[in-house]
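# Overview (structure and organization)
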Amino acid sequence: LIQSLGPETFYDTIIYHLAVPNYWKIESAIKDMPNLIFSKMPFNHGLVYLYCLQIDAVPSAKFVNWCISLFTLFSFFAFFHEYFSQKTLFAAAAVFFSIFHYMNVSWYASNDAMLSFMILCSFYMSLRYAQSGLLKYSVLAGIFSGFAMGIKYTSVIFVIGIFFSVFYIMKSRLKLKI
C-alpha cells in the first residue's frame, strides 16, 4: 500500500499507461497522441485510469490498481473455497503474490493486475457454467474475457485456454464422443 501511494516510476506507466489517459484529460477528448502508437488503441485499463485522473491524480490510479490486486487475492478464497482447503488456498495465493513481477506491478498503475483479476473472474465464471449449464455464467465469463482482451489483446491466449478447459469439463461430464 505504501508503495502505491508514492510517485510513479514504472517506465510503461509513465510513457503510456497514464500518459495517454492524461493526454485525453488535457485535450478533453479521446484522440491520438502525436508520436505514440498506444494512443490509437484505447485500452480498458486506460479508461479506468482516465476516471481516476479526473477525480484526483496519479496516486488514485495506483491505489485503484493496488485494490484490484487485493480483490484478486480475496477472489482466490471466495471463488475456490469449495474446491480446495484453506491451507491450499493460502499457499496458492502466497505463491501467486510472491511472484516478483506481480508483486511489483501491484503498486504500479499498469495493466497486469487488472488483467489477472479479469482472467481469474472469467475462469471462475466459465467453471461455474461448465458445472451448472446456466447461461448467466457464460455471459459473465464472456464479459470478463472481453474486458481482459480490452486490457491487453494478447490475453486472448488465456481466453482460448479457458474455452478448451470448459469444453473438456463439459465433454467429460456429458461423455461426448469426439
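All values reported here derive from a predicted model rather than from experimental measurement.

### Here's the deal with the nonpolar core
- Among the nonpolar cores identified, the biggest contains 29 residues, and Leu18, Tyr49, Ala61, Phe79, Phe80, Met118 and Met125 are the most heavily contacted of them.
- At the level of elements, α3 (44-55), α4 (58-80), α7 (112-132), α8 (135-151) and α9 (156-174) are the ones that each hand at least two residues to this core.
- Per-element tally for this core: the top contributor is α7, with eleven residues.
- Not counting chain neighbours up to four residues away, the residues in contact with Phe80 comprise Ser75, Leu89, Leu120, Phe123, Tyr124 and Leu127.
- With six residues, the next largest nonpolar core counts Phe76, Phe97, Tyr102 and Ala113 among its residues.

### A short note on the confidence of the model for the chain
- In the predicted model, the chain carries a mean pLDDT of 80, and the fraction of residues at 70 or more is 87%.
- Confidence, expressed as mean pLDDT per element, reaches its minimum in the chain at helix α1 (residues 11-17) with 66 and its maximum at α8 with 90.

### Details of the environment of Phe63
- Here Phe63 shows up in helix α4.
- Considering only alpha carbons, one finds Phe63 and Ala109, 46 residues apart in sequence, at a separation of 8.0 Å.

### A few points about α3
- For α3, built from twelve residues, the straight-helix expectation of 16 Å at 1.5 Å per residue is met to within 8% by its first-to-last C-alpha distance of 17 Å.
- For α3, the complete set of buried residues consists of Asn44, His45, Gly46, Tyr49, Leu50, Cys52 and Leu53.

### Quick word on the packing of α7 against α8
- Contact pair α7 / α8: the axes reach a minimum separation of 8 Å and the direction vectors enclose 160°. Judged by the inter-axis angle, α7 sits roughly antiparallel to α8. The two elements α7 and α8 meet at a crossing, and its hand is left-handed. Taking contact as the criterion, the partners of Met114, Leu115, Met118, Ile119, Cys121, Ser122, Met125, Ser126, Arg128, Tyr129 and Ser132 in α7 are, on α8, Tyr137, Ser138, Leu140, Ala141, Phe144, Ser145, Phe147, Ala148 and Ile151.
- Each residue belonging to the contact of α7 with α8 can be placed in one class, and the counts come to 14 nonpolar, five polar and one charged.

### So, a nonpolar patch on the surface
- A contiguous nonpolar patch, built from Met149, Val156, Ile160, Phe163, Phe164 and Phe167 and spanning about 540 Å² of accessible area, is present on the exposed surface.
- The dominant element in the nonpolar patch, judged by the number of residues it contributes, is α9, at five residues.
- Here Phe167 shows up in helix α9.
- For Phe167, a relative accessible area of 36% corresponds to the partly exposed category.

### A word on the environment of Ala61
- Note that Ala61 resides in helix α4.
- Each C-alpha atom, one on Ala61 and one on Val48, is 8.0 Å from the other, the two residues being 13 residues apart in sequence.
- Discounting residues that sit within four places of it in the chain, Ala61 has contacts with Leu18, Tyr49, Cys52 and Ala109.

### Side note on the packing of aromatic side chains
- For the coordinates displayed, the defined rule picks out eleven aromatic pairs.
- Here the aromatic rings of Phe80 and Phe123 are separated by 6.2 Å at their centres, their planes lie at 45°, and the arrangement is tilted. Of this pair, Phe80 sits in helix α4 while Phe123 sits in helix α7, and the two are 43 residues apart along the sequence.
- Residue Phe123 is classed as partly exposed on the basis of its relative accessible area of 31%.
- In textbook terms, an aromatic cluster arises when at least three aromatic residues are bridged by ring pairs, as seen for Phe79, Phe80, Tyr83, Phe123 and Tyr124.

### Quick word on the side chain of Ser122
- Following the sequence through the fold, Ser122 ends up in helix α7.
- When near neighbours in sequence (up to four residues on either side) are disregarded, Ser122 contacts Ala141, Phe144, Ser145 and Ile162.

Calculation criteria
Residues numbered from 1 in each chain as written. Predicted model: local features only at pLDDT ≥ 70, side-chain atom pairs only at ≥ 80, totals over all residues. Heavy atoms only, no water. Core = buried A, V, L, I, M, F, W, Y, C linked by side-chain atoms within 4.5 Å. Buried < 20%, exposed > 50% of the residue type's maximum accessible area, 1.4 Å probe, protein only. Helix = DSSP H or I, 4+ residues; strand = E, 2+ residues; numbered from the N terminus. Contact = heavy atoms within 4.5 Å. pLDDT = per-residue confidence, 0-100. Expected span 1.5 Å × (residues − 1). Axes fitted to C-alpha atoms, helices over the stretch in contact; angles between N-to-C directions. Parallel < 35°, antiparallel > 145°, perpendicular 65-115°, else oblique. Left-handed = near helix turned anticlockwise from the far one by under 90°. Nonpolar A, V, L, I, M, F, W, Y, C, P; charged D, E, K, R; others polar. Patch = residues over 30% accessible without salt bridge, like charges linked within 9 Å, V, L, I, M, F, W, Y side chains within 5 Å. Areas by Shrake-Rupley, 256 points an atom, 1.4 Å probe, with all protein chains shown as cover. Salt bridge = Lys/Arg side-chain N within 4 Å of Asp/Glu carboxyl O. Phe/Tyr/Trp six-rings, centres within 6.5 Å; stacked < 30°, edge-to-face > 60°.

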